[in-house]
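# Structural overview for review
The chain contents come next:
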Amino acid sequence: MRRWLYGLLSLAAAGWFSAAARAQPAAGPPEEVDVALVLAVDVSFSMDLDELALQRNGYIEAFRSKPLHDAIAKGAIGKIAVTYFEWAGGHFQHVVKPWTIIDTPASAIAFAEELGEAQTRRGRRTSISAAIDTAVQLLEQANVTPMRKVIDISGDGANNDGRPVTVARDEAAAKGISINGLPVMLKQASYFDIDNLDVYYKDCVVTGPGAFVIPIRERTQFVDATRTKLIREIAEMPREGEAVVQKAQSTGSNASCLAGERQWRDRMGN
């Protein structure tokens, strides 16, 4: 059994808050990189243990893969900066991997191995807005000079805690930050879930030129979808136009960006 699985099995049920200030402190002059990439990963209790393992493994295998190594090498500078944090409710953000420069296959594989050894924690509620705010703070703390700044959000539900997600999204966009999405849609919408999460991500979460959403509908899609998303974020320059949903279940209707909050209030009887 791989070492990353041992880390995933050591789940702490209690909520955990770790400020973005726990990221790696700045040292020396800023380093130029093609992209500063924040990986923001949902670990709320709506994600079951199997989904958490598959989600983490998707990122591990992506950073081990040759196509991703090639994408980094083909960049104008040939290096990226990446950090990985887990989030749930408004007061649950935990930096798992602080800012790391990846410029060789060896450094990408080392990032994957260290990610696999890290413990995964879980928390209540879903605050995409707080995840975006934390990601913006991490980007502001990064000791790099990036050509692009990207936040990569993966999750299985709509925002139901903290401030409205569109407010956080728009503030990030005003700072020149792009946001892409990886909605996890393995289960039928249930008690606190909404239908067509991919459309919600398109309408309410992602932003920036060429922003995109890649839904995951099958367990077997985690590795390929995560790798495809990362390669696109690393290798492709943003294009003008509206956000794109790839392989979407439904693109014919617009989502309510307060659907998660409304559903939570209804279910809780408030």
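The residue numbering used here restarts from 1 in each chain and proceeds along that chain's sequence as written. This being a predicted model, a pLDDT of at least 70 is required before a residue's local features are given, and a value of 80 or more before pairs of side-chain atoms are given or counted; all residues contribute to the totals for chains, interfaces and linings. Calculation of side-chain values draws on the structure's entire complement of heavy atoms; hydrogens and water are dropped beforehand.

### Focus: the confidence of the model for the chain
To keep things clear, this is the line we draw: Confidence scores labelled pLDDT are given residue by residue by the predictor and lie between 0 and 100. By the convention used here, residues are in contact when the closest approach between their heavy atoms is within 4.5 Å.
Taken residue by residue, the chain gives an average pLDDT of 82. The fraction at 70 or more is 76%. For the stretch residues 1-26, pLDDT sits under 50, and the model shows 68 contacts to residues farther than four places along the chain or on other chains. Segment residues 247-252: pLDDT under 50, and 14 contacts once partners within four positions in sequence are set aside and those in other chains are kept.

### Some details on the pattern of salt bridges
As a reminder, the rule being used: Throughout this description, the term salt bridge denotes a Lys or Arg side-chain nitrogen within 4 Å of a carboxyl oxygen of Asp or Glu. Only DSSP runs of H or I covering at least 4 residues are called helices, and only runs of E covering at least 2 are called strands; the numbering of each starts at the N terminus. Using a 1.4 Å probe on the protein chains alone, a residue whose accessible area is under 20% of its type maximum counts as buried, one over 50% counts as exposed, and one in between counts as partly exposed.
Going through the model one piece at a time under the given rule, you end up with 17 salt bridges. Close ionic contact of Asp 48 with Arg 219 constitutes a salt bridge, the shortest N to O distance being 3.8 Å. With a gap of 171 residues between them, Asp 48 in the loop between β1 (31-42) and α2 (49-64) and Arg 219 in the loop between β6 (212-213) and α8 (222-235) connect regions that are remote in the sequence. In this structure Asp 48 comes out as partly exposed when scored by relative accessible area, which is 28%. According to the relative accessible area criterion, Arg 219 is partly exposed, its value standing at 37%. Across the salt bridge formed by Glu 140 and Lys 175, the nearest N and O atoms sit 2.8 Å from each other. One end of the pair, Glu 140, is in helix α5 (residues 128-141); the other, Lys 175, is in the loop between α6 (165-174) and β5 (177-183), with 35 residues separating them in the sequence. Residue Glu 140 is classed as exposed on the basis of its relative accessible area, which comes to 53%.

### Comments concerning the nonpolar core
Formally: The nonpolar core is taken to be a set of buried Ala, Val, Leu, Ile, Met, Phe, Trp, Tyr and Cys residues, with the residues joined through side-chain atoms within 4.5 Å.
With 36 residues, the main nonpolar core has Phe 85, Ile 128, Ile 132, Ile 151, Ile 153 and Tyr 200 as its most contacted residues. The biggest single contributor to this core is α5, with seven residues. Core analysis: the next-biggest nonpolar cluster, separate from the first, contains 32 residues, Tyr 59, Ile 60, Leu 115 and Ile 216 among them.

### Some thoughts on the pairing of β1
We apply this condition: A pair of strands is considered paired only if DSSP assigns at least 2 bridges between the two.
For β1, the tally of buried residues reaches ten of twelve residues, placing the bulk of the element in the interior. Of the pairings in the sheet, the one linking β1 to strand β4 (residues 144-155) comprises ten bridges and is parallel in character. Opposite Val 38, over in β4, you have Ile 151 as the bridge partner. The pairing of β1 with strand β2 (residues 80-87) spans seven bridges and is parallel. Opposite Leu 39, over in β2, you have Tyr 84 as the bridge partner.

### Some points on the state of the cysteines
Where two cysteines share a covalent bond between their sulfur atoms, that bond is called a disulfide. Quick note on the threshold: In this description, a disulfide is simply a cysteine sulfur pair whose atoms lie within 2.5 Å.
According to the stated counting rule, one finds one disulfide in the structure shown. Across the disulfide, Cys 204 is cross-linked to Cys 257 (sulfur-sulfur distance 2.0 Å). Here the S-S torsion is close to -90°, and the disulfide linking Cys 204 with Cys 257 is therefore left-handed. Residue Cys 204 is found in helix α7 (residues 197-205), and its partner Cys 257 is found in the loop between β7 (244-245) and α9 (259-268); the two are separated by 53 residues along the sequence.

### Considerations on the environment of Arg 124
Inspection of the secondary structure puts Arg 124 in the loop between α4 (105-117) and α5. Sequence spacing of Arg 124 and Ala 88 is 36 residues, and the spatial spacing of their C-alpha atoms is 6.0 Å.

### Looking at the side chain of Ser 65
Defined as follows: Pairing of N or O atoms within 3.5 Å defines a polar contact, subject to two protein rules: one partner must be a possible hydrogen donor and the other a possible acceptor, and residues neighboring in sequence count only if both atoms are side-chain atoms.
As for its placement among the helices and strands, Ser 65 is situated in the loop between α2 and α3 (66-73). Polar side-chain contacts of Ser 65 include one of 2.7 Å to the backbone oxygen of Ala 62.

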